[in-house]
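The residues making up each chain are set out below.
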Amino acid sequence: MNFDYTETQQLIADSARDFANQYIKPHVMEWDETQTFPIEVFKKAGEFGFMGILVPEEYGGAGLGYHEYIAILEEISKVDPAIGLSVAAHNSLCTNHILEFANDEQKSRWLPKLATAEWIGAWGLTEHNTGSDAGGMDTTAVKDGDEWVINGAKNFITHGISGDIAVVVVRTGEKGDSHGITAFVVEKGTPGFSSGKKENKLGMRASETAELIFQDCRIPDANRLGEVGDGFIQAMKVLDGGRISIGALSLGTAKGAYEAALKYSKERVQFGKPISEFQGISFKLADMATEIEASELLLHKAAFEKNAGRKMTKIGAMAKMYASEVCVKVANEAVQIHGGYGYTKDFPVEKFYRDAKLCTIGEGTTEIQKLVISRNILK
């Protein structure tokens, strides 16, 4: 058992840190205020290998594992969680779904463009009336000869406007039947495929979130991923890995907020001494540091299981649930430590505070994680 990064893993983490400080940090508040999705930064991330982290080298990816994945997301999210969220969604949802379930021809067709960020990926499961209840989706695909005709809409889709390709999970059978759902790949420019409303969000504002709309959208059967009816099962497996992603996003966000609060507490003087010397503040920092450490250990345990090819549904849900709740708590305490200044945009903690909440909602709410955990421990 070894809790240290290897030399290679440390170099990867350092590279991600340097990338975030050089290409992201100078623009964080500008992108947040204007809700700018900085595509050029993701193209640059592709050059660093950060957009195809888990993709094998034969398809143009970095060929890394989940420990490295956590390290990269953590370092980017410490600087800007919104950019971390988009890197996570591109890697773990769209790209990983194709990596896990596409045939060789499909992988060769799409993965090299995704792994290099020539194309930005989107993934569509959620709909306006179906969040946690994915089985109740209304978007359908009907077979017509060698083609499928898709009608409906997807909601809260990361890169819903700027994405060049989307993996969409739609109904091909009866509503509520988990074996009546199938996954397809739809490329931008396909007739009948368009984007809708862009969401005006509380946080994560530089990560684009929008609708996907399908109106008699025809795609060839060659764009189907796996067997007809396997889409829901595929999506659940993709979300298993996605929990590590959001956990890593949460970890980076928490560390960013904590480090800002620690720095401020040493600099802010009240009653003749730094506020870090007051027990009320030092105890907050102690709790924050301990819970961040616990989050990190849980995440790397989940990564270990995932890398080993073992079932990691329970530990993945635990890691995502705990890390995301800790993230919100740490961000809240970071604002408190800053006092009135924490409520202004002059310090980074107000943005961490706004960004953090998404972590307890996206890719399965805290309540859904508890449902997953309880079902697994009660088997």
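Just so it is clear, the structure is predicted and the values come from calculations on it, not from any experiment. (Residues numbered from 1 in each chain as written. Predicted model: local features only at pLDDT ≥ 70, side-chain atom pairs only at ≥ 80, totals over all residues. Heavy atoms only, no water.)

**Topic: the overall build of the protein**
Next, step 1: When its secondary structure is counted, the protein shows eleven helices and ten strands.
Next, step 2: On C-alpha atoms alone, the protein measures out to a radius of gyration of 21 Å, which is about the 21 Å that the 2.2 N^0.38 rule sets for 379 residues.
Next, step 3: Principal axes of the C-alpha set define a box for the protein whose edges measure 80 × 45 × 40 Å.
Next, step 4: Out of the 379 residues belonging to the protein, those deemed buried represent 55%.
Next, step 5: Here the contacts in the protein between residues at least 6 apart in sequence split such that 74% fall between residues at least 24 apart.
Next, step 6: The centroid of the 41 positive side-chain charges in the protein is displaced by 4 Å from the centroid of its 52 negative side-chain charges. (Helix = DSSP H or I, 4+ residues; strand = E, 2+ residues; numbered from the N terminus. Rg over C-alpha atoms; globule rule 2.2 N^0.38 Å. Buried < 20%, exposed > 50% of the residue type's maximum accessible area, 1.4 Å probe, protein only. Contact = heavy atoms within 4.5 Å. Lys, Arg positive; Asp, Glu negative; His and termini not counted. Charge placed at Lys NZ, Arg CZ, Asp CG, Glu CD.)

**Quick word on the pattern of salt bridges**
Next, step 1: For the coordinates displayed, the defined rule picks out 25 salt bridges.
Next, step 2: Ionic pairing is found between Asp138 and Lys175, a salt bridge with its closest N-O pair at 2.4 Å. A residue pair is termed long-range when its members are at least 10 positions apart, and Asp138 in the loop between strand 1 (121-124) and strand 2 (140-144) and Lys175 in the loop between strand 4 (165-171) and strand 5 (181-187) qualify at 37 residues.
Next, step 3: Judged by its relative accessible area of 36%, Asp138 is partly exposed.
Next, step 4: Taken together, the shared-partner salt bridges connect Asp14, Arg17, Glu75, Lys78 and Glu259 into one network. (Salt bridge = Lys/Arg side-chain N within 4 Å of Asp/Glu carboxyl O.)

**Some points on a nonpolar patch on the surface**
Next, step 1: Taken together, the side chains of Met1, Phe3 and Leu297 make up a nonpolar region of the molecular surface, amounting to roughly 460 Å² of accessible area.
Next, step 2: For Leu297, the position within the fold is in helix 8 (residues 279-307).
Next, step 3: Relative accessible area serves as the criterion here: at 43%, Leu297 is assigned to the partly exposed category. (Patch = residues over 30% accessible without salt bridge, like charges linked within 9 Å, V, L, I, M, F, W, Y side chains within 5 Å. Areas by Shrake-Rupley, 256 points an atom, 1.4 Å probe, with all protein chains shown as cover.)

**Details of the packing of helix 7 (residues 231-267) against helix 9 (residues 313-338)**
Next, step 1: Their axes nearest at 8 Å, the elements helix 7 and helix 9 cross at an angle of 20°. What the angle tells us is that helix 7 and helix 9 run roughly parallel. The chirality of how helix 7 crosses helix 9 is left-handed.
Next, step 2: Looking at the contact of helix 7 with helix 9 residue by residue, the classes come out as 14 nonpolar, eight polar and three charged. (Axes fitted to C-alpha atoms, helices over the stretch in contact; angles between N-to-C directions. Parallel < 35°, antiparallel > 145°, perpendicular 65-115°, else oblique. Left-handed = near helix turned anticlockwise from the far one by under 90°. Nonpolar A, V, L, I, M, F, W, Y, C, P; charged D, E, K, R; others polar.)

**Examining the packing of aromatic side chains**
Next, step 1: Tallied over the full model, the rule gives twelve aromatic pairs.
Next, step 2: Ring-pair connections join several aromatic residues into one group, and the members of that group are Phe19, Tyr23, Phe48 and Phe50.
Next, step 3: For Lys273, the ring lying beneath its charged end belongs to Phe278, and the centroid distance is 4.7 Å. (Phe/Tyr/Trp six-rings, centres within 6.5 Å; stacked < 30°, edge-to-face > 60°. Lys NZ or Arg CZ within 6 Å of the ring centre and 35° of its normal.)

**Remarks on helix 3 (residues 39-47)**
Next, step 1: Along helix 3, the residues that are buried comprise Val41, Phe42, Ala45 and Gly46. Taken down its axis, helix 3 places every buried residue within 150° of arc, on the same side. Turned more than 90 degrees off the buried face of helix 3, the exposed positions are Glu40 and Glu47.
Next, step 2: Packing partners of the buried residues in helix 3 comprise helix 1 (7-24), helix 2 (28-34), helix 5 (81-101) and helix 6 (104-115). (Arc of directions from axis to C-beta.)

**Looking at helix 5**
Next, step 1: The end-to-end C-alpha distance of helix 5 is 28 Å, a good match for the 30 Å that 21 residues give at a rise of 1.5 Å each.
Next, step 2: When the local axis directions of helix 5 are compared, the greatest deviation, roughly 40°, occurs at Thr95.
Next, step 3: Within helix 5, 19 of the 21 residues are buried, which leaves the element mostly enclosed by the surrounding structure.
Next, step 4: Its side-chain oxygen placed 3.0 Å from the backbone nitrogen of Ala82, Asp80 serves as the N-cap of helix 5. (Expected span 1.5 Å × (residues − 1). Bend = angle between axes of the 7 residues up to and from the residue. Polar contact = N/O pair within 3.5 Å; in protein donor to acceptor, adjacent residues only side chain to side chain.)

**Describing the environment of Asn332**
Next, step 1: The topology assignment puts Asn332 in helix 9.
Next, step 2: In this structure, the C-alpha to C-alpha distance between Asn332 and Asn21, residues 311 residues apart in sequence, is 24 Å.

**Observations concerning the side chain of Lys320**
Next, step 1: Along the polypeptide, Lys320 turns up in helix 9.
Next, step 2: Here Lys320 occupies a buried position and makes no salt bridge, while the nearest side chain of opposite charge, Glu325, is found at 7.6 Å.
Next, step 3: Those residues within four positions of Lys320 in sequence are excluded, and the remaining contacts are Arg243, Ile246, Gly247, Cys359, Thr360, Ile361, Gly362, Glu363, Gly364 and Gln369.

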